[in-house]
Amino acid sequence: MSRTLMAIDETLLVSPRTMGKIDQAAAESGIDSFGLMQKAGAHVAAVLLSHFPEVQRAVILCGPGNNGGDGHVAGGLLAASGVEAVRFGMEPKPGGDAARARQAYPGKLLPLEDWQPRDGDVIVDALFGAGLDRPVAASIAALIERAQHAGTPVIAVDLPSGLSGRTGEPTGACFAASHTVTFAALKPGHLLMPGRTLCGQMHLCDIGIPARLIRSDDAMWKNDPGLYASKRPLTDAGQHKYGRGHLVVFSGPLSATGAARLSATAGLNSGAGLVTIANPPGATLALASHLTAIMQHPVRDEAELETWLSDKRLSAFVLGPGFGDLEKARSYTARVAATGRPVVLDADGLTAFASETDLLAKLFAGEARLVLTPHEGEFRRLCGDLADDPSLSKIDRARGAASRFNAVMVYKGADTVIAAPDGRAAVNADAPAWLATAGSGDVLAGIIGSLLSQGMPAFEAACAGVALHGEAAIRAGRGMNAEDLAGHIEPL
Ligand SMILES: NC(=O)C1=CN([C@@H]2O[C@H](COP(=O)(O)OP(=O)(O)OC[C@H]3O[C@@H](n4cnc5c(N)ncnc54)[C@H](OP(=O)(O)O)[C@@H]3O)[C@@H](O)[C@H]2O)[C@H](O)CC1
Ligand SMILES: [K+]
């Protein structure tokens, strides 16, 4: 992402509604709102000139609101700089800044239907931004189709028209931009999928709204070290291995021990002092032939688990990867929950509770210490009502589940959302596409379990774990497998 001023907080996510309140607060503090629009339009013109120096004709599409106002300013400035700039669109509503922008840069405003693509065209999409609240009209959908068919590059003002800034979902037809120029703060729709793809390269620009006004109670951020760096595990040279945490990973049966090994390896490489695999009867030899630094402890049944859990040094647990036996997954989870120590449930650990969600909601009271790591299918099995509610964004769904289970949710995908029961939410936008590979989730569960075992609070451990996972994938490179991934983890 490019930026125009270091003072802008690149990690804050502000909903379009809150952005409206910020604009209002800026106006009430005496800042000239037309001045903000002029700066917004100037940034758009600058992005076009710097990224498309060969432009033959700037095609400015202007909507009726302030997004269109930004377009009028950009068009006027481009014309003044010698670029042929042709405006298409609707007349602005009278009386506001957009009407003032239209007057400041008079000239023809052609009907949208009249635009026919030409070689060398670059579109400035200033039809709708934060104010979009319904699907675009058929005539606009047809124009979007024409632009896409011709391959005309699009610079979106604030958001590609048709995209919801709140959810990252298109409301109907939607531009796919090569660049999006937004102002003051990122919106969730810039990072949530498919919005992130539809926005292309992001440009976050300062238009002069003071930082003190760009605040929000939305408690949403881009995942970033600023969220967790202050809670990173403390290490000092004299520390005992138990001081760096003892992670337990529950293994599945003889035929399915690989997933637990991946989690355990990831846990060790993420800085846990000790990692032990709890192995069921019959799996000992298979595991032993593959393990060196990782230990084993036989756990045949609940009674043996109960006895072992009296060892207070076992500081966090990962249950689910390759686990298999769903009934046992539930009863073991209940036992470890009763210790008051942190737990990551993944894979079969999640499926085990799909039909027992009420039980899961009761097991982990108090300060959040349960981390759930569902992918889309697992999330749907656990929270079908939230998954199927089209009014909710992925952030809303993750928050709903976090509050229901008093758990930190790691709702996985290309736009993994981490949400805490207290409402904090982070969207991870840096993971490479090749992270979606078999066993990758086992590695993530191990990393988060390891950070929990080292004493990080659950939300921070989950945010940091998701980031370390993505960084390891970048180091491992395209074509990596989950074992390579685990080998490329660097502790916090
Ligand atoms: N962030 C800032 O500080 C600044 C942002 N600026 C720009 O302002 C827009 C937001 O402007 P706003 O006027 O609130 O909203 P829009 O321009 O996006 O759209 C509102 C108008 O569009 C109509 N509308 C909405 N959806 C549709 C649709 N699907 N089809 C047709 N028409 C639609 C809506 O009409 P109503 O009938 O609902 O009233 C409105 O007329 C922001 O995105 C920035 O680009 C400022 O320029 C600088 C400060
Ligand atoms: K737009």
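Residues numbered from 1 in each chain as written. Chains lettered and ligands numbered in written order. Predicted model: local features only at pLDDT ≥ 70, side-chain atom pairs only at ≥ 80, totals over all residues.

As annotated in an unreviewed UniProt entry, the protein carries the name Bifunctional NAD(P)H-hydrate repair enzyme and is attributed to Hoeflea halophila. Of the comments in the UniProt record for the protein, the one headed Subunit (unreviewed entry) reads "Homotetramer." (UniProt positions renumbered as here; feature names shortened; annotations may be inferred.)

**Student:** Please clarify how the domain arrangement of the protein should be interpreted in this entry.
**Tutor:** Interfaces are often described in size by the accessible area the parts lose on coming together. When its domains are assigned, the protein resolves into domain 1 (2–218) and domain 2 (225–487). The interface is formed by 10 residues belonging to domain 1 together with 9 residues belonging to domain 2. (Domains from an automatic or database assignment. Contact = placed C-beta atoms within 7 Å.)

**Student:** Which parts of the structure should I look at to understand the site of ligand 1?
**Tutor:** By nearness alone, 30 residues border ligand 1, and Gly 65, Asn 66, Asn 67, Gly 129 and Gly 131 come closest of all. Secondary-structure elements contributing two or more residues to the shell around ligand 1 are helix 1 (16–28), helix 2 (33–51) and helix 3 (66–80). In terms of residues, the shell around ligand 1 owes the most to one element, helix 3, which gives 5 residues. Residues belonging to the shell around ligand 1 are distributed by class as follows: 16 nonpolar, 8 polar and 6 charged. (Near = placed C-beta within 6 Å. Helix = DSSP H or I, 4+ residues; strand = E, 2+ residues; numbered from the N terminus. Nonpolar A, V, L, I, M, F, W, Y, C, P; charged D, E, K, R; others polar.)

**Student:** Quick question: what am I supposed to make of unusual backbone geometry here?
**Tutor:** In most cases, non-glycine residues show a negative phi, while peptide bonds are predominantly trans. Geometrically, the link from Met 193 to Pro 194 is a cis peptide bond, its omega value of 0° lying close to zero. Structurally, Pro 194 can be placed in the loop between helix 6 (188–191) and helix 7 (195–199).

**Student:** Which parts of the structure should I look at to understand the pairing of strand 5 (residues 154–157)?
**Tutor:** Moving residue by residue along a regular strand, the side chains alternate between the two faces of the sheet. Burial along strand 5 is two-sided: Val 154 and Ala 156 and Ile 155 and Val 157, pointing in opposite directions, are all buried. The pairing of strand 4 (residues 121–126) with strand 5 spans 3 bridges and is parallel. Counted as the bridge partner of Ile 123 is Val 154 from strand 5. For the handedness criterion, the β-α-β arrangement of strand 4, helix 5 (residues 138–150) and strand 5 is classed as right-handed. Strand direction decides the pairing type here: strand 5 and strand 6 (residues 179–183), joined by 3 bridges, are parallel. Within the sheet, the bridge partner assigned to Ala 156 lies in strand 6 and is Thr 180. (Buried ≥ 20, exposed ≤ 12 C-beta atoms within 10 Å, placed from the backbone. Pairing = 2+ DSSP bridges. Right-handed = clockwise from strand over helix to strand, strands pointing away.)

**Student:** Would you explain helix 17 (residues 440–453) in this entry?
**Tutor:** Since the α-helix packs 3.6 residues into each turn, any two residues three or four apart lie on the same face. Across its 14 residues, helix 17 extends 20 Å between first and last C-alpha, which sits within 8% of the 20 Å expected from 1.5 Å per residue. Extensive coverage of helix 17 is indicated by the burial of 14 of its 14 residues. (Expected span 1.5 Å × (residues − 1).)

**Student:** Help me understand the nonpolar core, please; the structure alone is not making it clear to me.
**Tutor:** One recurring pattern in soluble globular proteins: nonpolar side chains tend to sit buried together. Val 124, Ile 155, Val 408, Met 409, Ile 418 and Ala 462 are the most contacted members of the largest nonpolar core, which totals 157 residues. With 12 residues, the top contributor of residues to this core is helix 18 (residues 458–476). A domain-level breakdown of this core finds at least three residues from each of domain 1 (2–218) and domain 2 (225–487). (Core = buried A, V, L, I, M, F, W, Y, C linked by C-beta atoms within 7 Å.)

**Student:** Sorry, what's going on with the UniProt feature "binding site: AMP" (unreviewed entry) in the protein here?
**Tutor:** In this structure's numbering, the residues bearing the UniProt feature "binding site: AMP" (unreviewed entry) are Lys 412, Gly 413, Ala 414, Asp 415, Thr 416 and Gly 441. Taken together, the annotated residues stretch across 30 residues yet fold into one region, lying no more than 14.3 Å apart by C-alpha. Tracing the backbone through its elements, the reader meets Gly 413 in the loop between strand 15 (408–411) and strand 16 (417–419). C-beta crowding within 10 Å serves as the criterion here: with 16 such atoms nearby, Gly 413 is assigned to the partly exposed category. When neighbours within four sequence positions are excluded, Gly 413 is seen to be in contact with Met 193, His 375 and Glu 376. Here Asp 415 lies in the loop between strand 15 and strand 16. According to the C-beta neighbour criterion, Asp 415 is buried, with 21 such atoms within 10 Å. Residues contacting Asp 415, with those up to four places away along its chain left out, are Leu 191, Leu 192, Met 193, Arg 196, Lys 394, Val 427 and Ala 429.

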